[in-house]
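Inside the fold
So the chains spell out like this:
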Amino acid sequence: MKKVNVAIIGTKFMGKAHSNAWTSAPKFFDVGLMPVLKVACGRDEKGTADFAKTWGWEETASDWKKVVERPDIDIIDIVTPTFLHKDIVLAAAKNGKHIFCEKPIALNYAEARDMYEAADKAGVLHYLNHNYRRTPAIAFAKQLIDEGKIGQIFHWRGTYLQDWITDPNFPLTWHLQKEFAGAGPHYDLNSHSVDLARFLVGEVEAVSAIMKTFVTERPLPGKDAGTFKSGSGASDMGKVSVDDAAFMSAEFENGALGAFEASRFASGRKNYNYFEIYGSKGSLAFNLERMNELEYLNLEDPVDEQGFRTILVTNATHPYIDAWWPPGHIIGYEHAFTHAVVDLLNALENGTPITPNLYDGMKGMQVLEAAILSAKTGKKVNVSEVK
Ligand code: SOE
């Protein structure tokens, strides 16, 4: 089987999730290309060596600029903090590498546009990892919508709530600094909800938003601090420069209305990615904390039998499931990453595009930036105003 060499840049939480996906994809699915875990690249030599050993990356490197120039590398997998995405994508495109990039795409719309244009011009395959699209229940929701089962969509309600920084002593990791993350949960979490809303409902036309930073100063991070991890040895205080919560209302081009809530201060909510869709023929609801289930209401059922039914999305006929386990043998968070790798390998083999890609990221970022403008001015902003 033809091989494709992958280099991963970044070795933390998402590094793990992606490494697992590159490994499991060809084991469970029939893929026409065999990914080779060639190079793991990270700044911390020892950490990168340990990571490479655990996950089976053949080599390590510390300078991503050299890695993207290597002629033997086919795919650059980017799992760094957001501020590095643009430079790595531009260099990867220039060197003709295919791109697998973590979300959120970039620090702002202008960066996202440059990234999309560079990849498009270079003719490389590009994918932006909004992984939830490939959760079977969400892929199935899309199927129901495309089959017309929900009819005309009136409302989208998307909330993405976490609570890992409610403690004011949680340190100022890169996620809480605008220069590295671009924004707080507005980018980290609303970017997922906007991606799902664009996937399931349609393009957003205008937004109004409010944002809040509840804790404005935090201790500087000590050792091992990161996503969901306070680490140890935090010291002096530094200024939080992103939102802690971002709420937004939206008008879609097709006339639907939407509400989005993203927060890292929703005590008790760990990774509560939840949405509801209400349409003329039916409704849908999804909760990541019950990710194998989809709630579906069919308005064509006899009126006295109507109600939300819970579909356990684990049949062989449901998206992606056939490759895993028999019905009822549920799957988890990491599987959507595997599905992304499978779809990317298939797209590469067949010469077809894959979504969401850098174009989708750019469109989503335009919505998110319009919301930032709205929160600053207190006015409704048309997405097309963001240039
Ligand atoms: C942290 O908020 C985080 O890891 C996000 O960055 C991911 O995109 C989300 O899927 C889970 O939470």
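Please read these numbers as outputs of a predicted model, since none were measured by experiment.

Here's the deal with the site of the ligand
- For the ligand, the set of nearby residues contains 13 residues, the closest of which are Lys-103, Tyr-132, Gln-162, Asp-188 and His-192.
- Measuring from an oxygen atom of the ligand, one finds a side-chain N or O atom of Lys-103 at 2.7 Å.
- His-192 places a polar side-chain atom, nitrogen or oxygen, 2.7 Å from an oxygen atom of the ligand.
- For the ligand, the protein covers 93% of the area, taking 310 Å² as the surface of the free molecule.
- By residue class, the composition of the shell around the ligand is 7 nonpolar, 4 polar and 2 charged.
- Among the domains, domain 1 (2-132) and domain 2 (133-331 + 365-376) are the pair contributing at least three residues each to the shell around the ligand.

A closer look at a positive patch on the surface
- A cluster of basic residues, Lys-12, Lys-16, Arg-43 and Lys-229, forms a positive patch at the surface.
- For Lys-12, a relative accessible area of 59% puts it in the exposed group.

Observations regarding the domain arrangement of the protein
- In terms of domains, the protein is made up of domain 1 (2-132) and domain 2 (133-331 + 365-376).
- The C-alpha centroid of domain 2 is placed 24 Å from the C-alpha centroid of domain 1.
- Taken together, the contacts link 19 residues of domain 1 with 29 residues of domain 2.
- Regarding the contact of domain 1 and domain 2, the summed buried area is about 2000 Å², with carbon and sulfur atoms giving 65% of it.
- The largest contributions to the domain 1 side of the interface with domain 2 come from Phe-28, His-130 and Tyr-132, which together make up 38% of the buried area.
- Our enumeration of links across domain 1 and domain 2 arrives at 1 salt bridge.
- Lys-103 is the partner of Asp-188 in a salt bridge, and the nearest nitrogen-oxygen pair spans 2.8 Å.
- Our count for the domain 1 to domain 2 interface comes out at 11 residue pairs in polar contact (both at pLDDT 80 or more).
- When contributions to the side of domain 1 that touches domain 2 are tallied by element, the ones reaching two or more residues are helix 1 (13-28) and helix 5 (109-122).

A look at the pattern of salt bridges
- Per the counting criterion, the structure on display carries 17 salt bridges.
- One salt bridge connects Glu-147 with Lys-149, and the closest N-O pair in it is separated by 2.9 Å.
- Take Glu-147: its relative accessible area is 47%, and that puts it in the partly exposed class.
- A single network of salt bridges, built from pairs that share partners, joins Glu-59, Arg-70 and Asp-72.

A closer look at the sheet that holds strand 7 (residues 153-161)
- Pairing is mixed across the open sheet formed by 9 strands, whose spatial order is 16-15-14-13-7-12-11-8-17. Edge positions in the sheet fall to strand 16 (309-312) and strand 17 (381-382), since each has one partner strand and no second.
- Relative to strand 14 (residues 282-287), strand 13 (residues 272-279) runs antiparallel, the two being bridged by 5 bridges. The residue of strand 14 that forms the bridge with Glu-276 is Ala-285.
- Most of the contacts of helix 9 (residues 190-200) go to strand 7, to which it runs at about 155°, and overall it touches strand 7, strand 11 (245-252), strand 12 (257-263) and strand 13.
- Of the strands in this sheet, strand 8 (204-212), strand 11 and strand 17 touch helix 11 (residues 358-377), which is tilted by about 50° from strand 8.

Procedures and definitions
Residues numbered from 1 in each chain as written. Predicted model: local features only at pLDDT ≥ 70, side-chain atom pairs only at ≥ 80, totals over all residues. Heavy atoms only, no water. Near = heavy atom within 4 Å. Polar contact = N/O pair within 3.5 Å; in protein donor to acceptor, adjacent residues only side chain to side chain. Areas by Shrake-Rupley, 256 points an atom, 1.4 Å probe, with all protein chains shown as cover. Nonpolar A, V, L, I, M, F, W, Y, C, P; charged D, E, K, R; others polar. Domains from an automatic or database assignment. Patch = residues over 30% accessible without salt bridge, like charges linked within 9 Å, V, L, I, M, F, W, Y side chains within 5 Å. Salt bridge = Lys/Arg side-chain N within 4 Å of Asp/Glu carboxyl O. Lys, Arg positive; Asp, Glu negative; His and termini not counted. Charge placed at Lys NZ, Arg CZ, Asp CG, Glu CD. Buried < 20%, exposed > 50% of the residue type's maximum accessible area, 1.4 Å probe, protein only. Contact = heavy atoms within 4.5 Å. Buried area = accessible area lost by both parts, 1.4 Å probe. Helix = DSSP H or I, 4+ residues; strand = E, 2+ residues; numbered from the N terminus. Pairing = 2+ DSSP bridges. Axes fitted to C-alpha atoms, helices over the stretch in contact; angles between N-to-C directions.

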